[in-house]
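A look at the structure
Residue-level listing of the chains:
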Amino acid sequence: MKKLSYLLLLVFLSTMTYAQKGYTPTNENLENREWFLDAKFGLFIHWGVYSIMAGGGDSGVAEWIMNQKQIPIAQYEKLPSFFNPTNFDPAKWVSMVKKAGMKYITITSKHHDGFAMYDSKVSDYNIVDQTPYGKDILKALKEECDKQGVKLFFYYSQLDWRHPDYYPRGRTGGDYTGRADEGNWKDYLDYMNAQLTELLTNYGEVGGIWFDGMWDKPDANWYLEETYSLIHQLQPGTLIGSNHHKAPYPGEDFQMFERDLPGENTMGFNQTGTISELPLEMCETMNGCWGFNLTDTNYKSSKQLIQTMVKAAGYGANFLLNTGPMPNGEIQPENIDTLMIMGQWMEQYGESIYGTRKGPISPSKWGATTQKGNTVYVHILNLEEETLELPSFDQKIKSIRFFDDDTKVKFKKTANGVILQLPADKRNEVDTILKVEI
Ligand code: JFZ
């Protein structure tokens, strides 16, 4: 008897620590991971009632406005009645995504403010019940994605600034919200699981769930085992990823990096430095904000974004590029312009990105490499000199050609590898791509 209860305790403890312990992805899930690895480029969408505030004149504020400006729940709850995106045209959004060369969309189903952008039955704090618009935008978007062959992923915030049972509170969503100092954590998790069940039941095939917010309560027990196995039971093929900035937990199917290349930590978010064997994804903003901001015009150039995408691919990582749609339902014209330039680039050079894996030489200052079969693509992004020495590959080099005009690259063997001749007139301002046959 004693032995049995000890065993049960052990089982209990191990589920706490190990998330979805003993998780073996199904074949369908593994196939989706391959699809994900091939896809390389997706659109991140941060859209919610916070978009109406447009940052409130502060260039550093968007979807966090409730917390940053300490808006009590009772006041914030007025926002949904102003949300009426009459120009929302999912066909337009998805066509834009396709033209940009993107293969999937990850959209906020619920952000930290707790507002569901879909028809949730377990909470009336949602777009259908609370806004004059009254329609389920996730449903409309999913239908259009299915039509045009784009996969849809749902961002879901585990952190919730409004739910009374999100208690004890974490680092954010404190006293200003006006919530009582009580609540039942398990009830909150049940609520979250019920919302996830809705998302995985009512919207057909879901590409993935992109979790965020665990970092708000790093020491809490999130009972990941329950949540992850629920998701994989409902849809075994759905890819789970979480923005917890730690090494992946069992049950997760991909690893993400926020606003940094894998292994880098320029933003201070990615402290573990661990790069796992799972498929990787890096997310990035076009200006400095995720949600729509009227005054942040600090847009990254298409050149900069293409180069980051190429470097991400050099790590084998996808590039999830964000836009924050306006409250009228349209995408900012500046963002559309950038996406169209990236799409043209992908149309011309996609061969060196889609379907590739990381190349034999790790990304460094001068650029990155990708590989598909016997072809290695050398991407020269940043190089003043007209020569470049590459370390030797495992396999013998048969030929090296410039991607742009298919002419041969002159090279000399050295003790360490090869020295390439890269004359100025053969260089491409964004990315000089060499096709190396091995
Ligand atoms: C998170 C969200 O907070 C943000 O709104 C956006 O959705 C982004 C994609 O993900 O960003 C974070 C997450 C954690 C920290 C900061 C920003 N953190 O731990 O400081």
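Residues numbered from 1 in each chain as written. Predicted model: local features only at pLDDT ≥ 70, side-chain atom pairs only at ≥ 80, totals over all residues. Heavy atoms only, no water.

**Details of the overall build of the protein**
- The secondary structure content of the protein amounts to eleven helices and 16 strands.
- The C-alpha atoms of the protein give 23 Å as radius of gyration, which agrees with the globular expectation for 438 residues (22 Å, within 12%).
- Across its three principal axes, the protein shows a C-alpha extent of roughly 70 × 60 × 40 Å.
- Counting the 438 residues in the protein, one finds 56% classified as buried.
- Here the analysis covers contacts within the protein between residues at least 6 apart in sequence; of these, 71% occur between residues at least 24 apart.
- For the protein, the exposed area adds up to about 18800 Å²; of that, 51% sits on carbon and sulfur atoms.
- Of the side chains in the protein, 43 bear a positive and 56 a negative charge, and the two mean positions are spaced by 6 Å. (Helix = DSSP H or I, 4+ residues; strand = E, 2+ residues; numbered from the N terminus. Rg over C-alpha atoms; globule rule 2.2 N^0.38 Å. Buried < 20%, exposed > 50% of the residue type's maximum accessible area, 1.4 Å probe, protein only. Contact = heavy atoms within 4.5 Å. Areas by Shrake-Rupley, 256 points an atom, 1.4 Å probe, with all protein chains shown as cover. Lys, Arg positive; Asp, Glu negative; His and termini not counted. Charge placed at Lys NZ, Arg CZ, Asp CG, Glu CD.)

**Topic: helix 10 (residues 302–314)**
- The end-to-end C-alpha distance of helix 10 is 18 Å, a good match for the 18 Å that 13 residues give at a rise of 1.5 Å each.
- Taken across its 13 residues, helix 10 has ten buried, putting it largely inside the fold.
- Buried within helix 10 we find Ser302, Leu305, Ile306, Gln307, Thr308, Met309, Val310, Ala312, Ala313 and Gly314.
- Positive backbone phi, at 85°, marks Gly316, one or two positions downstream of helix 10. (Expected span 1.5 Å × (residues − 1).)

**So, the packing of aromatic side chains**
- Under the defined criterion, the tally for this structure stands at 28 aromatic pairs.
- An angle of 35° between the planes, with centres 5.9 Å apart, marks the rings of Phe36 and Phe153 as tilted. Remark: Phe153 occurs in strand 3 (residues 151–157) and Phe36 occurs in helix 2 (residues 27–39); sequence separation between them is 117 residues.
- Here the aromatic rings of Trp345 and Tyr349 are separated by 5.1 Å at their centres, their planes lie at 40°, and the arrangement is tilted. Residue Trp345 and its partner Tyr349 are located together in helix 11 (residues 333–349), separated by four residues, close to a single helical turn.
- Taken together through their ring pairs, the aromatic side chains of Trp35, Phe36, Tyr104, Phe153 and Phe254 make up a single cluster.
- A cation over a ring is seen here: Arg162 above Tyr125, with NZ or CZ 3.6 Å from the ring centre. (Phe/Tyr/Trp six-rings, centres within 6.5 Å; stacked < 30°, edge-to-face > 60°. Lys NZ or Arg CZ within 6 Å of the ring centre and 35° of its normal.)

**Remarks on the domain arrangement of the protein**
- Along its sequence, the protein is organised into domain 1 (25–355) and domain 2 (367–437).
- A C-alpha centroid distance of 37 Å is found between domain 1 and domain 2.
- Residue-level contacts link 15 residues of domain 1 with 15 residues of domain 2.
- Summed over both sides, the interface of domain 1 with domain 2 buries roughly 1300 Å², with 59% coming from carbon and sulfur.
- Taken as a group, Tyr349, Glu351 and Ser352 account for 40% of the area that domain 1 buries against domain 2, more than any other trio of residues on that side.
- Connecting domain 1 to domain 2 are two salt bridges.
- We note a salt bridge from Lys435 to Glu351, for which the minimum N-O separation is 3.0 Å.
- Counting across the interface, domain 1 meets domain 2 through eleven residue pairs in polar contact (both at pLDDT 80 or more).
- Listed by contribution, the elements that provide at least two residues to the side of domain 1 that touches domain 2 are helix 10 and helix 11.
- Here the side of domain 1 that touches domain 2 is built from residues that sort into seven nonpolar, five polar and three charged. (Domains from an automatic or database assignment. Buried area = accessible area lost by both parts, 1.4 Å probe. Salt bridge = Lys/Arg side-chain N within 4 Å of Asp/Glu carboxyl O. Polar contact = N/O pair within 3.5 Å; in protein donor to acceptor, adjacent residues only side chain to side chain. Nonpolar A, V, L, I, M, F, W, Y, C, P; charged D, E, K, R; others polar.)

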